Amino acid sequence: MPEEVKKKRITDIGPHDFHDYLPPVIKKNYGKWAYHEILDTGSMVHVAENGDKIYTVRMGSPRLVSGSFVRDLCDMADKYCGGYLRFTTRNNVEFLLDDENNIEPLKKDLEKLGYNVGGIGNVVANIVHTQGWVHCHTSASDASGVVKAVMDELYEYFVEDKLPSKVRIAFACCLNMCGSVASSDIAIMGMHRKVPKIDSEKILNLCEIPSTIAACPTNSIRPDTIDGKQTVKINDETCVFCGSCYTVCPAMPIADSLNDGISIWVGGKVSNARTKPTFSKLVIPFIPNDPPRWPKVVEAVKTIITAYKNGAEPGERVVEWIERIGWTRFFKITGFEFTKYHVDDFRLAETTMNYSSQVRF
Amino acid sequence: MGKKHETPLLDELKKGKWVSFVREIERAAEKSERTEDLLGQVENSYRDKITHWKHGGMAGVRGYGAGLVGRFTEFPEKYPGVKECHSMRVNQTSGFFYNSDILRKIADIAEQHAGGLLNLHGSTGDIQILGVWQAEAEEAFQKCAELGFDLGGGGSDLRTPSCCVGPARCEFANYDTLQICYDMTQAFQDEMHRPSFNYKFKLKFSGCSNDCVAAASRSDMAFIGTWKDKIKINQDEVKNYVKKFNVQKYVLDKCPTKCMLFEGENLVIDDSNCVKCMHCINEMPKALRSGDEKGLSILLGAKAPLVTGPRLGMMLVPFYDVLEDSKNDYEWLKGLISNMWEFWDEYGVSRERIGELMQRVGVVTFLEGIGLEPIPEMVNHPRGNPFIKFTDDED
Ligand code: SF4
Ligand code: SF4
Ligand code: SF4
Ligand code: SF4
């Protein structure tokens, strides 16, 4: 139990009011921005209706950062932009400058400290990711390590604008899918492939059996008794290794060092521009975990990026490119194998078939 | 000081150009000794290809059922520093705006009372301070609170709302995403700190349909900025763009409803057929701007795969005049949200997100339950099968 604190305890105050951290030029032009221009992959300018300008310098971040990293950022913000900075939804850091002349010196200083300036425009943006082996109990793979290996390989696409459009990559280490992973141009997802093991000794102590049964999307869990003690059994034929039962019941561990790994999905999209938002679709059902640098995963992502770069028209997102050329050709170009796992057999499966005579030869 | 644990596998991830999380963990360990054991534990996972965090175990602060996520190692003897390695979710500011002063103070708390490591930010949006021990949780929490930062959500509750940068630095914003995010977070403190829902519930706010916070692909209620009237056209700037690139091919031809055309040199838009997709505005920000009658659309039910498969947000309310309602302390919106929570509480089951409930009971039943009428904006097309369950009230 936490110790009693003598001082008056503060609770239910909510977040700090953001107004306190807005730079003066933003306060002045709040809601009055006219347009923006991208200066290069590391910087952009927003121009207000009255002509005021704010410059943004963006740098990548591994998301998992030390206090020393935070102090580095603070020192830079103090030196170049009155101490003001923000983060983006994709875990980038953005310095907010009112003096254009500070852009290049700030970038140089950041690079000197070993940080990556970029991520704006038609680039591979920072990879949104989850906790993995660093901090989560259900992960089928590490997150930070895979992301680091992929970003090392795609570094040129973070710092140079040379893709047809932006490419959003995201990583989730299990189907809980913290973050908006499933609607990314390329989604990398941890997969379990074995039925959870049931610890019948502990299950009654640790789990509530009805809610464990209810947690299963495929009705694969049934009550059971072993030596007169209540437990559950799993139908191996129907279990899809989603790990939902483990999330509610710690006595049903699903992680398996030999059988866990990674799947790759493409063609998701969050924005409504031109086409509607959509989920990513399966490309590679399984790649075994291969730490520390997951070379096959890195190679697969590189293959997709290269094919997209060579094939897409300017402005086309990955999904628009694939829909133009068709999935058959996508598999042909990339060399990935189309398997029985690529045909959907879950809830909306029927809606995914081709009800027409239209094919490309 | 020598290294406590050898980490040959993790050392491989210090190579390469992208900023290394391993280096960050090492830097954190220099300030907070317990984090050396985190390096050992993660190296162990890299060797064994499996997580070594235990499932279960409680952590928390008094009076709150959320905000501290319990985490315990499987090997407390080998890695005593991470015997407990909880993460404290600290509610971020709207739009993730900070200054150096406050961030240094938060870094101090992370170093003095935790593992010196942070997630900036967690997937939902919170600042996460990693490596908290239960014994210090209260002090770390109160130190954050003294800085004006409360804890975020977790478990079966209202998760920490988040928003895009909006009017603070984006000309595309159709409403004040930061303000409503702040106001809703303040309005629902109890629902955030004391989990009492069937499962999690997320609110996210994007200022336009570019949806930079991915609201409509992950939050139960997504608020997407839009406008009702005409796109404002600056014909001179259109002409400038025409000089720079093929506007016909890359803007007009790509409009999903083909509602733009050139009459001579002038751009004309049939706004009655525009679906506010943002494409043309994204491509020609100097020439085109959204209209004056701004507000937002509400999409319902987006979620990740567990339990019954992923869902995208479904159009629920095409236009909500947020500015007007905010003058009444969001009376209409709060009414809608509480209707939904009541329906969910009554008819939902444990671990059922609201989108799954809607799917299970049927959209029409759900709409009746929350007091909304079915409208054509909600569907891609009307029913295509004849299995209609006529009801007696239909004469
Ligand atoms: S995606 Fe799954 S394994 Fe990864 S951090 Fe989230 S819950 Fe944990
Ligand atoms: S892993 Fe998923 S499908 Fe398999 S038994 Fe558990 S909940 Fe059911
Ligand atoms: S969602 Fe729209 S308004 Fe918000 S930051 Fe993105 S482009 Fe700007
Ligand atoms: S916003 Fe989209 S639908 Fe509307 S005119 Fe522009 S491109 Fe067309």
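Residues numbered from 1 in each chain as written. Chains lettered and ligands numbered in written order. Predicted model: local features only at pLDDT ≥ 70, side-chain atom pairs only at ≥ 80, totals over all residues. Heavy atoms only, no water.

1. As for the pattern of salt bridges
Inspection of every chain in the model, using the stated rule, returns 46 salt bridges over all chains. Lys-28 of chain A serves as the salt-bridge partner of Asp-52 of chain A, at 2.9 Å between the closest nitrogen and oxygen. Here Lys-28 of chain A lies in helix 1 (residues 24–29) and Asp-52 of chain A lies in the loop between strand 2 (43–48) and strand 3 (53–59), a separation of 24 residues in the sequence. Shared partners join several salt bridges into a network, and the residues in it are Arg-58, Arg-86 and Glu-94 of chain A together with Arg-169 of chain B. (Salt bridge = Lys/Arg side-chain N within 4 Å of Asp/Glu carboxyl O. Helix = DSSP H or I, 4+ residues; strand = E, 2+ residues; numbered from the N terminus.)

2. Some points on helix 2 (residues 67–80) of chain A
Residues and elements named next belong to chain A. For helix 2, spanning 14 residues, the distance from its first C-alpha to its last is 20 Å, which sits close to the expected 20 Å at 1.5 Å a residue. In terms of burial, helix 2 is largely enclosed, as 11 of its 14 residues are buried. A positive phi of about 60 degrees marks Gly-82, the residue just after helix 2. (Expected span 1.5 Å × (residues − 1). Buried < 20%, exposed > 50% of the residue type's maximum accessible area, 1.4 Å probe, protein only.)

3. With respect to the domain arrangement of chain B
All names here are of chain B. Here chain B is partitioned into domain 1 (8–146), domain 2 (162–226 + 295–378) and domain 3 (232–289). Domain 1 and domain 2 are separated by 30 Å when their C-alpha centres are compared. Across the contact, 11 residues belong to domain 1 and 16 residues belong to domain 2. Summed over both partners, the interface of domain 1 with domain 2 buries about 1,000 Å², with 53% contributed by carbon and sulfur atoms. Contact with domain 2 buries area across many residues of domain 1, yet Tyr-64, Ser-94 and Thr-124 alone supply 40% of it, more than any other trio. Connecting domain 1 to domain 2 are 0 salt bridges. (Domains from an automatic or database assignment. Contact = heavy atoms within 4.5 Å. Buried area = accessible area lost by both parts, 1.4 Å probe.)

4. What to know about the interface of chain A and chain B
At the junction of the two partners, chain A supplies 121 residues and chain B supplies 117 residues. Summed over both partners, the interface of chain A with chain B buries about 10,800 Å², with 57% contributed by carbon and sulfur atoms. Counting every contact that joins chain A to chain B gives 10 salt bridges. With a shortest N-O distance of 2.5 Å, Glu-111 of chain B and Arg-71 of chain A are connected by a salt bridge. Counting across the interface, chain A meets chain B through 65 residue pairs in polar contact (both at pLDDT 80 or more). With 9 residues, helix 2 of chain A is the single largest residue contributor to the side of chain A that touches chain B. Residue composition of the side of chain A that touches chain B, by class: 54 nonpolar, 41 polar and 26 charged. Sheet topology note: the strand 5 (residues 84–87) of chain A/strand 5 (residues 97–99) of chain B ladder contains 3 bridges and is antiparallel. Counterpart to Leu-85 of chain A in the pairing with strand 5 of chain B is Tyr-98 of chain B. (Polar contact = N/O pair within 3.5 Å; in protein donor to acceptor, adjacent residues only side chain to side chain. Nonpolar A, V, L, I, M, F, W, Y, C, P; charged D, E, K, R; others polar. Pairing = 2+ DSSP bridges.)

5. Here's the deal with the sheet that holds strand 11 (residues 261–266) of chain A
Remark on secondary structure: sheet strands pair via backbone hydrogen bonds, oriented parallel or antiparallel. All names here are of chain A. Across the sheet, 4 strands lie side by side as 7-8-11-12; this open sheet has mixed pairing. Looking at strand neighbours, the two that pair on one side only are strand 7 (169–172) and strand 12 (281–288), the edges of this open sheet. Neighbour-to-neighbour, the strand axes of this sheet turn through a mean angle of 20 degrees, independent of strand direction. Across 5 bridges, the pairing between strand 11 and strand 12 is antiparallel. Of the residues in strand 12, the one forming a bridge with Ile-262 is Ile-287. (Axes fitted to C-alpha atoms, helices over the stretch in contact; angles between N-to-C directions.)

6. Brief notes about the site of ligand 2
Contacts to ligand 2 come from 14 residues, most closely from Cys-216, Cys-239, Val-240, Cys-242 and Cys-245 of chain A. Considered class by class, the residues forming the shell around ligand 2 number 11 nonpolar, 3 polar and no charged. (Near = heavy atom within 4 Å.)

7. Considerations on the sheet that holds strand 3 of chain A
With antiparallel pairing, the 6 strands of this open sheet are ordered in space as 1(A)-2(A)-3(A)-6(A)-5(A)-5(B). This sheet does not close on itself; its edge strands, each paired only once, are strand 1 (33–40) of chain A together with strand 5 of chain B. On average, each strand axis in the sheet is inclined to that of its neighbour by 25 degrees, with strand direction left out of account. With 5 bridges connecting them, strand 3 of chain A and strand 6 (residues 93–97) of chain A associate as antiparallel partners. What sits directly across from Tyr-55 of chain A, in strand 6 of chain A, is Leu-97 of chain A. Packing against the sheet, helix 3 (residues 103–112) of chain A makes contact with strand 1, strand 2, strand 3 and strand 6 of chain A, and its axis sits at approximately 15 degrees to strand 3 of chain A.

8. Some words on the nonpolar core
Counting residues in each nonpolar core, the largest one holds 172 residues, and the members touching the most others are Phe-95, Ile-188 and Ile-264 of chain A together with Met-88, Ile-129, Met-221 and Leu-333 of chain B. If one sorts the elements of this core by residue count, helix 9 (residues 295–311) of chain A sits on top with 8 residues. Among residues more than four places away in sequence, those in contact with Ile-129 of chain B are His-86, Ser-87, Met-88, Val-90, Ile-106, Ile-109, Ala-110, Ala-114, Leu-117, Leu-118 and Cys-144 of chain B. Counting residues in hydrophobic clusters, the runner-up holds 21 residues, among them Val-238, Cys-255, Met-278 and Cys-280 of chain B. (Core = buried A, V, L, I, M, F, W, Y, C linked by side-chain atoms within 4.5 Å.)

9. Section: the packing of aromatic side chains
Residue and element names in this part refer to chain A. Taken as a whole, this structure holds 30 aromatic pairs over all chains when the rule is applied. Centre to centre, the rings of Tyr-308 and Trp-321 are 5.9 Å apart; their planes meet at 65 degrees, and the pair counts as edge-to-face. Placement of the pair is Tyr-308 in helix 9 and Trp-321 in helix 10 (residues 318–325), with a sequence separation of 13 residues. By relative accessible area, Tyr-308 is classed as buried at 0%. (Phe/Tyr/Trp six-rings, centres within 6.5 Å; stacked < 30°, edge-to-face > 60°.)

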